[in-house]
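Now for the letters of each chain:
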Amino acid sequence: MSQGAGSTIEARRGEFLLSTDRDRLDLNVIHGFLTACYWAKGIPREVVARSIENSLCCGVYKQTQQVGFARVVSDFATYAYIGDVFVLEAFRGQGLGKWMMEAIMTHPQLQGLRRWSLVTRDAHSLYQQLSFTPLKKPENYMELHNPSVYQSFSGEAK
Ligand SMILES: CC(C)(COP(=O)(O)OP(=O)(O)OC[C@H]1O[C@@H](n2cnc3c(N)ncnc32)[C@H](O)[C@@H]1OP(=O)(O)O)[C@@H](O)C(=O)NCCC(=O)NCCS
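Numbering of residues starts from 1 in each chain and follows the order in which that chain's sequence is written. In keeping with the predicted nature of the model, local features appear solely for residues at pLDDT of at least 70, side-chain atom pairs appear and are counted solely at 80 or more, and the whole-chain, interface and lining totals rest on all residues. In computing side-chain properties, one takes all heavy atoms of the structure into account and sets aside hydrogens as well as water.

Draft legend 1. Inspection of the site of the ligand at higher detail. Working definition: residue near molecule or strand if any one of its non-hydrogen atoms lies within 4 Å of it. Near the ligand there are 20 residues, and of these Val85, Val87, Gly95, Gly97 and Ser125 occur at the shortest range. Counted as a polar contact is a pair of N or O atoms within 3.5 Å, where, for protein atoms, one must be capable of donating a hydrogen and the other of accepting one, and residues adjacent in sequence contribute only when both atoms are in side chains. Within the backbone of Lys98, a nitrogen or oxygen atom sits 2.8 Å from an oxygen atom of the ligand. Isolated, the ligand exposes 860 Å² of accessible area, and the fraction of that covered by the protein chains is 71%. When residues of the shell around the ligand are traced back to their parent elements, those giving at least two are strand S6 (79–87), helix H3 (96–105) and helix H4 (124–128). Across the shell around the ligand, the residue classes tally to 10 nonpolar, seven polar and three charged. Residue-level accessible areas treat just the shown protein chains as cover; the underlying method is Shrake-Rupley with a 1.4 Å probe. Here a helix means four or more residues in a row that DSSP labels H or I, a strand means two or more in a row labelled E, and each is numbered from the N terminus. Each residue is assigned to one class: nonpolar for Ala, Val, Leu, Ile, Met, Phe, Trp, Tyr, Cys and Pro, charged for Asp, Glu, Lys and Arg, and polar for all the others, Gly among them.

Here it is, written out as structure tokens:
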């Protein structure tokens, strides 16, 4: 894996390129997936764009076509949250999801953190391979979850 201009990470595996270069990201692909998926259904395009601007983003590309995405919300010192991880259906089962996770967790700006977290409905075994575990003390963990937040945008341009 090479580190290019700034803190951009790029790596190649066969016909695929993994990159943290924000300029390569395809908002149409990312919004198209997220607005239809179970955890961000209806998310407006502008909200996806803002989340990208304020995250460390990882994309996987076949030539110029974006086929995978994941992003990290972090203070780059103590904590990181990994979210919006997906690989387009036609490209699943080839190790691309795991590759993005490995690239994120070995990223030089994300070392020595006290805590990583993520939320998943059914991909536990993917994250277990990267040392994630279920909450050890769920009674200590609190959240304020607003799953219908994007429904208030319905009818607006997405
Ligand atoms: C989850 C997802 C990103 C995995 O991407 P992928 O490129 O198909 O995964 P990989 O080929 O790297 O497989 C990684 C490993 O995770 C395992 N895995 C566990 N749960 C999985 C799941 N729900 N989907 C796919 N793989 C899963 C695979 O079996 C594989 O194990 P192996 O290495 O022992 O064979 C992809 O299936 C996806 O986009 N799913 C829909 C969106 C989603 O649910 N995202 C996760 C939100 S937390």
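Here the narrative resumes, following the displayed structure.
Draft legend 2. Quick peek at the environment of Met100. Mapped onto the elements, Met100 comes out in helix H3. In this structure Met100 comes out as buried when scored by relative accessible area, which is 0%. Between the C-alpha atom of Met100 and that of Gly112, which follows or precedes it by 12 residues, the distance is 19 Å. Filtering out sequence-adjacent residues up to four positions away, Met100 remains in contact with Leu18, Cys58, Val60, Gly68, Phe69, Ala70, Val85, Phe86 and Val87. The rule is simple: take the accessible area with a 1.4 Å probe, protein chains only, and divide by the maximum for that residue type; under 20% is buried, over 50% is exposed, in between is partly exposed. We call two residues contacting when some pair of their heavy atoms lies within 4.5 Å.

Draft legend 3. Summary view of the pairing of strand S2 (residues 9–13). Think of it this way: DSSP has to see at least two bridges between two strands before they count as a pair. Summarising the sheet, S2 and strand S3 (residues 16–19) pair through four bridges and their orientation is antiparallel. Each bridged residue has a counterpart across the sheet, and for Glu10 the counterpart in S3 is Ser19. Where S2 folds back onto S3 in an antiparallel hairpin, the turn is made up of two residues, including Gly14, whose phi is positive at roughly 55 degrees.

Draft legend 4. Just the state of the cysteines, in detail. Disulfide: a pair of cysteine sulfur atoms within 2.5 Å of each other. With the rule as written, the count across this model stands at zero disulfides. The structure places no disulfide on Cys37, whose sulfur is separated from the nearest cysteine sulfur, that of Cys57, by 15 Å. Just so you know, Cys57 is unpaired, no disulfide at all, and the nearest cysteine sulfur is the one on Cys58, 8.8 Å from it. Of the residues examined, Cys57 reaches a relative accessible area of 4% and is grouped as buried.

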